[in-house]
Structures are given as C-alpha cells and as structure tokens.
Amino acid sequence: MTATGKHRLGYSAHLAVLITTVIGTNIGYTALLPYLPRLSENLGLSSAGLAVFLTGFAVTKILGQPLGGYLADAWGLRVTAAAALTTAVVGMAMVTAADTASPAILGRLIWGAGDGILTPVLYRALTMAAADHGRDPASGFAKLGSAAVLSFAGGPFVVGLVHPFAGYQAV
C-alpha cells in the first residue's frame, strides 16, 4: 500500500497489463488477414482498395503516434489510453458493419489512428512503471516488443480455431 492507503500494482502487474494490451490489439489486427479474400469479395475491394485497406492502417498508425505523445502529455496516460482504445474499437466496428469498400477503408484508417495514439502511451507507461519500481526499463521493452511481434501470429491462430463457427465479422 502507498501512504494514501491505495493499493499499488507491482512492476510485473504493470508489465502484464501493457503486454496484454499489445497482444490484444495485434491479434485484432492480424485476425483479418486470413479473411482478406472473402473480405475483398464481400466489400467489392479492388486491388487498389485492398492495398489502401491494408497500408492505410499503417500510415494512420504512424501519423497517430505523435498525436498520442501530445495527448499523453496533455491528458495523461489513462485518459489517452481510453480515448485511443475507443477510437480503435470504433474503427473495428466500422469494418465489421461495412458492406461496401469505403466504410471499411475508413474504419481501418480510424482503427490505425487509435492504435497509433495508443503506442506512445504504452511506452511511457512502461518507462514510468520501471522508474516507480526502481527497474531498468530495457528488459520491459524487450518483453513488450517480443510480445508485440509474437502476437502477430495470434490473429491467424485465433481465426483457425473459430473459423468453423464464425465469419470475419464475428472474429
């Protein structure tokens, strides 16, 4: 407990929350990959539209990161994380509900921006947790990065498990 009587999470618990967040966002991102042929057909995405659908996410994620850093400084980590995750969920919902290419592409752009806004929040939260607990953040960054890269395999794995029961909208 802290001097104010509030419970304080330990370093490992903080790291677990951050890693879980990264794993969840990356599994969501890669879960669409096995469905791209069906998604492209159902939404009427041309090759160019599919390229924008995929690369637009990355572009808006990159563009969202400086905004996320600014917002984390201005609003704090929790509010910015909540806003970022809400933005990503709105984008995901738009992709899920889309029945044509344009709203699906717009949803992916919004989803990417939300993911980009979240990224500096995660890094800053890890830095702060390490400092609060007298830990070197290097091993935490290594674990966060490893979880991020490994979790990209999670989306197709989840799809493989649930594909017999659910289409891409449910996943």
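See the structure shown above.
Okay, so let's go over this structure. Bear in mind that the values here come from a model prediction, so they are computed numbers and not experimental data.

1. Details of the overall build of the protein
Inference 1: Across its full length, the protein carries seven helices and zero strands.
Inference 2: The N-to-C order of helical and strand elements in the protein reads α-α-α-α-α-α-α.
Inference 3: Counting only C-alpha atoms, the protein reaches 60 × 35 × 25 Å along its principal axes.
Inference 4: Residues counted as buried form 36% of the 171 residues belonging to the protein.
Inference 5: The long-range fraction of contacts in the protein, counting pairs at least 24 apart against all pairs at least 6 apart in sequence, stands at 75%.
Inference 6: As displayed, the protein has an accessible area near 9200 Å², and 68% of this comes from carbon and sulfur atoms.
Inference 7: With 9 positive and 6 negative side-chain charges, the protein shows a spacing of 10 Å between the two charge centroids.

2. Concerning the packing of aromatic side chains
Inference 1: Counted by the stated rule, this structure contains four aromatic pairs.
Inference 2: An angle of 90 degrees between the planes, with centres 5.8 Å apart, marks the rings of Phe57 and Trp111 as edge-to-face. Residue Phe57 is found in helix H3 (residues 47-75), and its partner Trp111 is found in helix H5 (residues 101-132); the two are separated by 54 residues along the sequence.
Inference 3: On the basis of relative accessibility, which here comes to 4%, the residue Phe57 falls in the buried class.
Inference 4: For Trp111, a relative accessible area of 5% gives the class buried.
Inference 5: Each ring, one from Tyr123 and one from Phe141, has its centre 5.9 Å from the other, and the planes form 50 degrees; the classification is tilted.

3. As for H5
Inference 1: For H5, with 32 residues, the first-to-last C-alpha span of 46 Å sits near the 46 Å given by 1.5 Å per residue.
Inference 2: Positive backbone phi, approximately 65 degrees, marks Gly134, located one or two places after H5.

4. With respect to the side chain of Thr60
Inference 1: Relative to the helices and strands, Thr60 is located in helix H3.
Inference 2: From its side chain, Thr60 meets the backbone oxygen of Phe57 in a polar contact 3.2 Å long.
Inference 3: Every residue in contact with Thr60, bar those within four places of it in the chain, is listed here: Arg108, Leu109, Gly112 and Ala113.

5. Some details on the side chain of Thr80
Inference 1: Mapped onto the elements, Thr80 comes out in helix H4 (residues 77-97).
Inference 2: Non-local contacts of Thr80, meaning those with residues more than four positions away in its chain, are made with Gly68, Leu71, Ala72, Trp75, Ile117 and Val121.

Cut-off values and rules
Residues numbered from 1 in each chain as written. Predicted model: local features only at pLDDT ≥ 70, side-chain atom pairs only at ≥ 80, totals over all residues. Heavy atoms only, no water. Helix = DSSP H or I, 4+ residues; strand = E, 2+ residues; numbered from the N terminus. Buried < 20%, exposed > 50% of the residue type's maximum accessible area, 1.4 Å probe, protein only. Contact = heavy atoms within 4.5 Å. Areas by Shrake-Rupley, 256 points an atom, 1.4 Å probe, with all protein chains shown as cover. Lys, Arg positive; Asp, Glu negative; His and termini not counted. Charge placed at Lys NZ, Arg CZ, Asp CG, Glu CD. Phe/Tyr/Trp six-rings, centres within 6.5 Å; stacked < 30°, edge-to-face > 60°. Expected span 1.5 Å × (residues − 1). Polar contact = N/O pair within 3.5 Å; in protein donor to acceptor, adjacent residues only side chain to side chain.

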